[in-house]
Amino acid sequence: MGVEAHATNERVTGRRWTVRLDPVGRGRADVRISCSRPACAAQVLPSAADGRTSAIAHLKAHLRAGPAPRPSVHCACRAEECHTHIRPAGPRERPVPWRCGGAVVLAVITDREGRWWQVMECCSRCAAAHPTAKVVATAPAAEAPARGDGFRADAPAPATPGGPAATTPTFSAISPHFSHSATATTTATGTAVPQQASVPRSTARSAPRSARPTRKRPPRGRIAQRLVPHDLRPVALRDELTELGELFRAYQARTEPDLAVLADLHARKAEAFNAWAEVTADTGLRLDARRAEQAAATARLQHLHRIGQAPDGEGPAVVRLLTAPAQWNHARAVLAHVAENAPLPGAEARLLVVMVTLRTAQSGVGNLVGQDIKGLPLQDPEHLVGQLVESGWLGISGTVEELIASRPESPTRISVPSLTPDEDDPGPFTFGRKLRPKLSGWAQRVVGEKKLRKGKTGADVRLLALALATGAEGEGRLGPGGEGIGLDALSSWCSVDPADLPDLVDRLTAADWLAEADVTDTLLTGRLTERVLPLGCPLT
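Worth saying up front: this structure is predicted, and the values here are computed from it rather than measured.

### A short note on the nonpolar core
Step number 1: Within the largest apolar cluster, 72 residues are counted, with the highest numbers of intra-cluster contacts made by Trp 442, Leu 468 and Trp 513.
Step number 2: Apart from residues lying up to four places away in sequence, Trp 513 is in contact with Val 446, Glu 449, Leu 452, Ala 465, Leu 508, Arg 527, Leu 528, Thr 529, Arg 531, Val 532 and Leu 535.
Step number 3: Core analysis: the next-biggest nonpolar cluster, separate from the first, contains 19 residues, Leu 237, Phe 273, Leu 285 and Ala 289 among them.

This is the structure in C-alpha cells:
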C-alpha cells in the first residue's frame, strides 16, 4: 500500500513544447517550421514573414486545443533545476536560486528575433523570471506539497477533484505577443484573450504587474541622423531638437518646396546645434551647426531669387529661368561639349546638335517631334538630319521623313551613342535626369525668343545669343569682370568668320538683346538688356 500511495501522490513535470522557425539553407529565402510535438510534421514556407505568421497560427491552434494548466504539476523548468532563474548575487553574496511558488500557469516564451516560441507549464514565479514570458492561462492554486519538493510550504489549500475549482480553470487576462498585428487569441475554454499585456512578476499573493500603472519614457527625438538623449538638459533644448526633427520630416513630405520655410528650419537647426555643442563639447555638432548656417543662407538666397528680390534688400533681383549656380555651370558645360564634339561644320548643324544633345544628355536617348526641328531656323532640316544620321552621330527609329512628320502624340525615339553611359564611361555630363529638361527648356527659350523669331534671325545669331547668355555677369556685363568676350571664342562657337561677327552683334542689338555693344579687333564688350537678363546664366 505504501508503494501504491507513493505512486498515487507522485507529481508529474509540466508540459513543454517548442515551435521553431529555421532557414532551409544558406542564401535561400524559404524557411522551415517545426514543432516538438510528436504528431506535428515540418512545413516549408517561401519567406520568413509567411513562416512567422504560420508558426504563430500553429502555436495558437495548440493553445486553443490543448488542456488547461494543471494545478498539481511541477514546473517544466524543474528538469533544468531552475538554473536560468538564479537571482544575481551582490558583491559579497552567493547566487541564490529562486524558489518555485504561486499558481501553476501556461506561459509562452519567445526570443526577441521571433525565431522560436516555447510553451511551458510552470509556476507563476518562474514565468515571471523570464523577461519574454507571456502567461496564457492560470490554474487554481494547489495544496501545499511536502517540504523540499520545490513549491512553497504555505501555498493555498488544494482544490478537491470534485470541487468547483477543479471544474473550470482560471485564465489570466494576458497572452503572448508575437510581434504581429493579429487580434485576440481564444483559449481552450473559448475565452478571448487580448494581446500585448505584460507578465506578472510577483507571487500569487501580490497583484500582477500589468494591473499597476506603468511609467513610460517619452519617445526619443531624432534629427539629422542623431538621437536626442532623454537626459539632455536644458529641457527646452531637448524639446527644440525633437520638434525640429519632426518639422524637417514634415517638410520632406511636402509636395511643393518652400525655400523660405526651409531657410528658417536650417537657421533654427544651426542655433540648436550650437547650443547642443556647448552642452556636450561635441566638435561634430559644431560642424553640423556651421553646415546648417550655410544651408540656411543658400536656401534664403534661392528664395529671394525666385520672388525677385535682392539679397540685401536694395532693389528687385532678376527672376532667372535657371536659378542656381550649379545649373548655370551645367549649361556652359553642354555648350562647351558641343563646341568640341560637333560632327558637322556650319552654324545650322551646330544649333541642331545643341538641341539634340540637350534632349539626350542624361541617358543618350530621348524623343523628338517634327515641330522641334521645324521650329529652328534651318534651310533644309530634312537634309541636315540625314547628314547627322549618316555620320553615325544620331540614331533614329524610322526614317528621316517620319521624324519630320511626327507629332507630339507619337514622337520619334532618337539616340546619340556618344552620350550613352556604360560601365566604363558614365558620359560627359554629371547632372541628373530632373535637371536635363530644365536645361533643354532654357535653350529653347533662348533660341526661340520672341524678338529673335520675329526678326527672322539665322542659326548664327541664335548661337551668339546662347554664348552671350552664358558669358555675362549677374548685372549683364559681358565677360569676366565685365571686360568683354574674345572674338575668336565667339566665332569658333558660332561657326562663322570673325569678320561676320559685327553684323551678328548689330542684329542682336536690333532685337533688344544687347546694349552699349562695341566690337574691337579682339573683344566684344557691352551688356545684356534687362529684358533678357532672366535667360542669363551669370558667371560665378
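Having seen the model, we can carry on.
### As for the packing of helix α5 (residues 235-252) against helix α6 (residues 259-280)
Geometry of a packed helix pair, given as the angle between the helix axes and the separation of the axes.
Step number 1: For the pair α5 and α6, the least separation of the axes is 10 Å and the interaxial angle reads 150 degrees. Of the possible angle classes, the one that applies to α5 and α6 is roughly antiparallel. Judged by the twist between their axes, the crossing of α5 over α6 is left-handed. Residues Leu 237, Glu 240, Leu 241, Glu 243, Leu 244, Leu 247, Phe 248 and Tyr 251 of α5 form the contact with α6, whose own contacting residues are Leu 259, Val 261, Leu 262, Leu 265, His 266, Arg 268, Lys 269, Ala 272, Phe 273, Ala 275, Trp 276 and Val 279.
Step number 2: Across the contact of α5 with α6, the residue classes break down as 15 nonpolar, 1 polar and 4 charged.

### Describing unusual backbone geometry
Step number 1: The omega angle of the peptide bond from Arg 233 to Pro 234 is 5 degrees, so this bond is cis rather than trans.
Step number 2: With respect to the element layout, Pro 234 can be found in the loop between β12 (226-227) and α5.
Step number 3: The phi torsion at Ala 281 lies on the positive side, around 55 degrees, for a residue other than glycine.
Step number 4: Topologically, Ala 281 is positioned in the loop between α6 and α7 (283-307).
Step number 5: The backbone of Asp 512 sits at a positive phi, close to 60 degrees, despite the residue not being glycine.
Step number 6: Relative to the helices and strands, Asp 512 resides in the loop between α17 (501-510) and β17 (514-519).
Step number 7: Overall, Asp 512 belongs to the partly exposed group, its relative accessible area being 29%.

### Details of the sheet that holds strand β14 (residues 395-396)
Hydrogen bonds between backbone groups are what pair the strands of a sheet, and the pairing can be parallel or antiparallel.
Step number 1: Taken in spatial order, the 3 strands of this open sheet run β13-β15-β14, and their pairing is antiparallel. The sheet is open, and its two borders are formed by β13 (365-368) and β14, each paired with just one other strand.
Step number 2: The pairing of β14 with strand β15 (residues 412-415) spans 2 bridges and is antiparallel. Opposite Ile 396, over in β15, you have Ile 414 as the bridge partner.
Step number 3: The sheet strands contacting helix α9 (residues 347-360) are β13 and β15, and the helix crosses β13 at an angle near 120 degrees.

### Focus on the pattern of salt bridges
Step number 1: Under the counting rule described, the total for this entry stands at 19 salt bridges.
Step number 2: In this structure, Arg 115 engages Asp 111 in a salt bridge whose closest nitrogen and oxygen atoms are separated by 2.9 Å.
Step number 3: Taking relative accessible area as the criterion, Arg 115 reaches 46% and is therefore assigned partly exposed.
Step number 4: Residue Asp 111 is classed as buried on the basis of its relative accessible area, which comes to 10%.

### Brief notes about the sheet that holds β17
Step number 1: In spatial order, the strands read β16-β18-β17; together these 3 strands make up an open sheet with antiparallel pairing. Looking at which strands have only one partner, the edges of the open sheet turn out to be β16 (485-486) and β17.
Step number 2: As paired strands, β16 and strand β18 (residues 523-528) are joined by 2 bridges and run antiparallel to one another. For Ile 485, the partnering residue across the bridge sits in β18 and is Leu 524.

### Points about the environment of Ala 263
Step number 1: Topologically, Ala 263 is positioned in helix α6.
Step number 2: Assessed through its relative accessible area of 1%, Ala 263 is described here as buried.
Step number 3: Sequence spacing of Ala 263 and Ala 296 is 33 residues, and the spatial spacing of their C-alpha atoms is 4.3 Å.
Step number 4: Beyond its immediate sequence surroundings of up to four residues, Ala 263 is in contact with Ala 296, Ala 299 and Arg 300.

### A short note on the side chain of Thr 110
Step number 1: Along the chain, the position of Thr 110 falls in strand β6 (residues 104-110).
Step number 2: A relative accessible area of 12% places Thr 110 in the buried class.
Step number 3: Excluding anything up to four places from it in sequence, Thr 110 contacts Trp 116, Trp 117 and Thr 132.

### A word on the packing of helix α8 (residues 325-341) against helix α13 (residues 435-447)
Step number 1: Interaxial distance between α8 and α13 falls to 11 Å at its minimum, and their mutual angle equals 70 degrees. One element, α8, and the other, α13, form an angle in the roughly perpendicular class. Considering how the two elements wind past one another, α8 and α13 form a crossing that is right-handed. On α13, the residues touching Gln 327, His 330, Ala 331 and Leu 335 of α8 are Leu 435, Lys 438, Leu 439 and Trp 442.

Definitions and limits used
Residues numbered from 1 in each chain as written. Predicted model: local features only at pLDDT ≥ 70, side-chain atom pairs only at ≥ 80, totals over all residues. Heavy atoms only, no water. Core = buried A, V, L, I, M, F, W, Y, C linked by side-chain atoms within 4.5 Å. Buried < 20%, exposed > 50% of the residue type's maximum accessible area, 1.4 Å probe, protein only. Contact = heavy atoms within 4.5 Å. Axes fitted to C-alpha atoms, helices over the stretch in contact; angles between N-to-C directions. Helix = DSSP H or I, 4+ residues; strand = E, 2+ residues; numbered from the N terminus. Parallel < 35°, antiparallel > 145°, perpendicular 65-115°, else oblique. Left-handed = near helix turned anticlockwise from the far one by under 90°. Nonpolar A, V, L, I, M, F, W, Y, C, P; charged D, E, K, R; others polar. Pairing = 2+ DSSP bridges. Salt bridge = Lys/Arg side-chain N within 4 Å of Asp/Glu carboxyl O.

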